[in-house]
Structures are given as C-alpha cells and as structure tokens.
Amino acid sequence: MVLFVFSLFVTVLGLANVPGAETATGMTDLGLGVWLIALVAWGTVFLRRRFPWVTLIAGLVVALIGVDYLLFLLGAFHVLVRADARRRVLFGCGTFAVVALWVVRDLTTPWGADVFTLDDGSGVSPTMATVAIAATSLVITAGSVALSVSLRTTAEERRRAEVEHTRATTLGDELARQAERQDLAREIHDGLTNRLALLSMMGGNVTKAVERGDPSAADLARSLQAQSREALGDLRGLVHDLREGPSAQQAPRGTMRAVPALIADARAAGTSVSATVVLDGISTANAALDSAVHRMAQESLTNAMKHAHGAPVSFYLEAAPSSGVRLRVTNP
C-alpha cells in the first residue's frame, strides 16, 4: 500500500515528462489519460510477488508513455531474483537497455523537455541529474537483486545443511542400533548359547547317572543347578543392556581369569579336558584382549562339546600381554 500511495506522487511528477500532459493552467485531457493509465499500471504492484511479469510489463508500458521507470524496475527486481544465473544476466541487460533508452529519449526528444528547462539556480545540469538518477536507480536495483539472491542462496544452503544433519543423525542412530544388535547377537552366541549347551549336556549326564544309580548324580544335579543360575544371570544382563539403549557403555563380558571355570564347566558336562593354562601379568591386559581370549576359549570348548561330544579335548593357553597369547584347542 505504501508503494501504491507513493506511486501517486511519482506519477504526478512524471507527467511533466510527457509532452502536452500539462500546461500553465493545469493538467490536460492527455495528461489525465496518461495519469489514469499509470495509476492502473501501478495497481499491479500488489501482484509483484506472485506475478512479477505482470508488474514488469505494466512498468514497461508506463516507461514507454514517458512517465517514469520506477514500476518497471520494481517488476524487474522480482523477475531477476527468481531467474537462474543465465537468464538473470539477459534480463539484467534488458533492464539496463530500457532505462538507457528512456534517458536517451528524454535527452534527444520533446519527452522530458519541461523537466530539462527547470533551473533552480543550483548549477546542476538537468541532463546530469537525469543520468545520475538513472545510474543510481540501476545500481540500487542491481545491489538489491544481488543481496536478495545471496540471502536466498544462504537460506537454501542452511535448509540443505539441516536436512543433511538430520539425515546424518538418523543414520548415526541406525548405526548405533545396528551395533547394539550385533553386540546382542554376539553375547547370545558366545555366552548364552554356551550356557545352554552345557545345560543340555549336563542334563543328559544327570539322566544317565540316575538311570545307572550312580552316586555322582547328586553332584551333577548341583552343577546343573549352578549352571542354570549363571545362564539366568546372563539372560538378565542381556535384557538390562536392551533396556539401557545403544548409548549405554557396556563392559566387555568375560575375562581370562574365568578360563579355568570354563574348563571346569566342560568337565562337569562330561567332557574329558586335559588343560594347561599359563597366565602372566593379565592384570595389565586391556579389556578388549581380556574379553577376546575368554570368548575364543569359550567358543572352542563349546564347539568341541557340541560337534564331538565325548571326545577328549586338549586345551593349551599361554597368555601374557607383553608377549602375546597362544591358544590351542584340539581333539582326535
């Protein structure tokens, strides 16, 4: 609305550029017609954001009849900020050409003659003033276009960065969940599966001992009960890890100190194990090494009992963090 009101003032001043639009006694019929055309054209200023081409064409009409080129520059601004780089150059050259032709026409034809004859005693040439106003208008328009395009590009880059950040965050969460699923699967395979395999074998041994009337059946049953409690503890630990979520820091399960207990469990399950275990300075071993040795020993014994049940096992472990680890598990 401010632009539309301002246009009334600009149009009245611009009528002086049109030959025959004004006389010493006031506005002529030609001037009234030109003013009405300019007024209707300025009404398109309300459409400049949605339909910039309408404003541009209306501004071109006002410039052609010699009133002013301000509406044309407004339309050109909104067209230029929406154009791509190549079209922006072409439209920019066209805008410059229209304003330059408008100035040349006012300098070489009766258009603008009334304005050029004004002399306020300042010593400023009307020709220089007209050229200066046109140049300033073009510079302001070009600067406004450059600023608007820069702000729009920055906003688009910010939105794109936010989208990429959201995508990266989602991917990171998915990777964390995948890592936790892998940890859970490893814990089930390496820990709980071993416990369940021992329970199955020990249950079979208890059944056989009871059928034979073997007095060791009570000891086997107690071992079976102990293994059941440990399996239940492992299961509770896994459920706790699931409740804590992927961000929870989970301590590695198992330690080299528990290897003798693994051997004892295998023997309790009915497997003959000939074992040699030498552990030196394992208190200085990092958690990853400590857990890895336990897992390998556990998996080796579990496979031996599952796939060659009843066969004797030879177990050799020599571990020293300073020199390395040697693990050998064999059966016939």
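For the structure itself, look to the data block above.
Parameters at a glance
- Residues numbered from 1 in each chain as written.
- Predicted model: local features only at pLDDT ≥ 70, side-chain atom pairs only at ≥ 80, totals over all residues.
- Heavy atoms only, no water.
- Pairing = 2+ DSSP bridges.
- Helix = DSSP H or I, 4+ residues; strand = E, 2+ residues; numbered from the N terminus.
- Axes fitted to C-alpha atoms, helices over the stretch in contact; angles between N-to-C directions.
- Contact = heavy atoms within 4.5 Å.
- Polar contact = N/O pair within 3.5 Å; in protein donor to acceptor, adjacent residues only side chain to side chain.
- Salt bridge = Lys/Arg side-chain N within 4 Å of Asp/Glu carboxyl O.
- Buried < 20%, exposed > 50% of the residue type's maximum accessible area, 1.4 Å probe, protein only.

A. Expanded view of the sheet that holds strand E3 (residues 273–279). Pairing is mixed across the open sheet formed by three strands, whose spatial order is E3-E4-E5. The open sheet has two edge strands, E3 and strand E5 (324–330), and neither has a second partner. Across the sheet, the mean angle from the axis of one strand to that of its neighbour is 5 degrees, orientation sign disregarded. Sheet contacts for helix H9 (residues 259–268): E3 and strand E4 (313–320); angle to E3, the most-contacted strand, approximately 175 degrees.

B. Representation of the environment of Tyr-316. As for its position among the elements, Tyr-316 is in strand E4. Along the chain, Tyr-316 and Thr-276 lie 40 residues apart, while their C-alpha atoms are 4.8 Å from each other. With residues up to four places along the chain from it excluded, the contact list for Tyr-316 reads Thr-276, Arg-326, Leu-327 and Arg-328. Side chain to side chain, Tyr-316 and Glu-318 meet in a polar contact 2.8 Å long.

C. Up close: the pattern of salt bridges. This structure, assessed with the given rule, holds two salt bridges. A salt bridge links Glu-157 to Arg-160; the shortest N-O distance between them is 2.8 Å. In this pair, Glu-157 and Arg-160 both sit in helix H7 (residues 126–212), three residues apart, roughly one turn of the helix. Using a relative accessible area of 44% as the deciding quantity, one classes Glu-157 as partly exposed. Its salt-bridge partner being Glu-164, residue Arg-167 comes within 3.4 Å of it at the nearest N-O pair. Taken as a pair, Arg-167 and Glu-164 lie in helix H7 at a separation of three residues, close to a single helical turn. Given a relative accessible area of 40%, Glu-164 falls into the partly exposed group.

Spatial relationships are all this shows, so hold off on functional conclusions.
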